[in-house]
Amino acid sequence: MLTSRPGNYEARPEIPEVGSPGHDGTNTGEGGLSPIRLTSDDQRKVQAALGLWGFNMVASDKVNMDRVPADLRMEECKRWDYPDKLPAVSVILVFHNEGFSTLLRTVHSIVNYSPPEMLHEVVMLDDGSTREYITNGTIDRYIERWDGLVKIFHNEKREGLIRARTIGGKHSTGSVLVYLDAHCEVEPNWLPPLVTPIAKNYKVSSIFQNIRFMIATVGFHCTNDRRDRWKYLRL
């Protein structure tokens, strides 16, 4: 329901202000307002990073893991109320040799900007990765900070995206399964509008589209050249 005040989930959880402690906005990508500035030594590493990852991992590694994301929503989106009781979700991230900082920043943003009562778990499904920081347990140890909220499972061999997502679903125990790319950042109040149609009709599948992420050679930016839209598919 559209209201004349901030929606009932706008402060669930509360979003830090850019400039507050830990979010000073100086060369950390905070709020999408402070592009990462690379040194000449960094610039020499960029081409190699582009060849290996397909985007600028040098810049990504300099962005605050807990940064406040840019709020790209239309003003109207901030004034919607959603049901006070919504089902808890398992957010599933399938990845293969994903970059450390992009992968873990995805997890940080999900944990930071999802209503705690709605986030049952984050399930990371490693689809047969071969890079050392994934195979040697570095990520397994990193996610211990979330005390079991974030889980990781490793496929013995690469299964491919669709089969791996099915496997991730089998490891999940939430009422609703949410699949995200492993290199994105969620925005404030991203989850209630996604889950509400499913809560009203379990035969509905909800799809979020038209957010575009651009990792440039000199910065780390998030753009949305179309407005956010939701699509609901009846199954």
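Residues numbered from 1 in each chain as written. Predicted model: local features only at pLDDT ≥ 70, side-chain atom pairs only at ≥ 80, totals over all residues. Heavy atoms only, no water.

(A) Spatial organisation of the pairing of strand β2 (residues 119–126). The element β2 is extensively covered by neighbouring structure, given that seven of its eight residues are classed as buried. In the sheet, strand β1 (residues 89–95) pairs with β2 via seven bridges, with the strands oriented parallel. Its bridge partner being in β2, Val91 is matched across the sheet by Val122. Note on the crossover from β1 through helix α3 (residues 100–113) to β2: the handedness is right-handed. Here β2 pairs with strand β3 (residues 150–154) via five bridges, running parallel. If you follow Met124 over to β3, its bridge partner there is Ile152. (Buried < 20%, exposed > 50% of the residue type's maximum accessible area, 1.4 Å probe, protein only. Helix = DSSP H or I, 4+ residues; strand = E, 2+ residues; numbered from the N terminus. Pairing = 2+ DSSP bridges. Right-handed = clockwise from strand over helix to strand, strands pointing away.)

(B) Representation of the pairing of strand β4 (residues 176–180). Along β4, the buried face is formed by Val176, Val178 and Leu180; none of Leu177 and Tyr179, which line the opposite face, is buried. Relative to β4, β1 is paired through five bridges, and the arrangement is parallel. Its bridge partner being in β4, Val89 is matched across the sheet by Val176.

(C) Structural detail: the sheet that holds β2. Read from one edge of the open sheet, four strands run β3-β2-β1-β4, paired in parallel fashion. Single-partner strands in this sheet number two, and they are β3 and β4. Geometrically, the sheet is characterised by an average inter-axis angle of 25° between neighbouring strands, direction not taken into account. The strands that α3 touches are β1, β2, β3 and β4; relative to β2, the one it contacts most, it runs at about 170°. (Axes fitted to C-alpha atoms, helices over the stretch in contact; angles between N-to-C directions. Contact = heavy atoms within 4.5 Å.)

The analysis is restricted to geometry; functional conclusions fall outside its scope.
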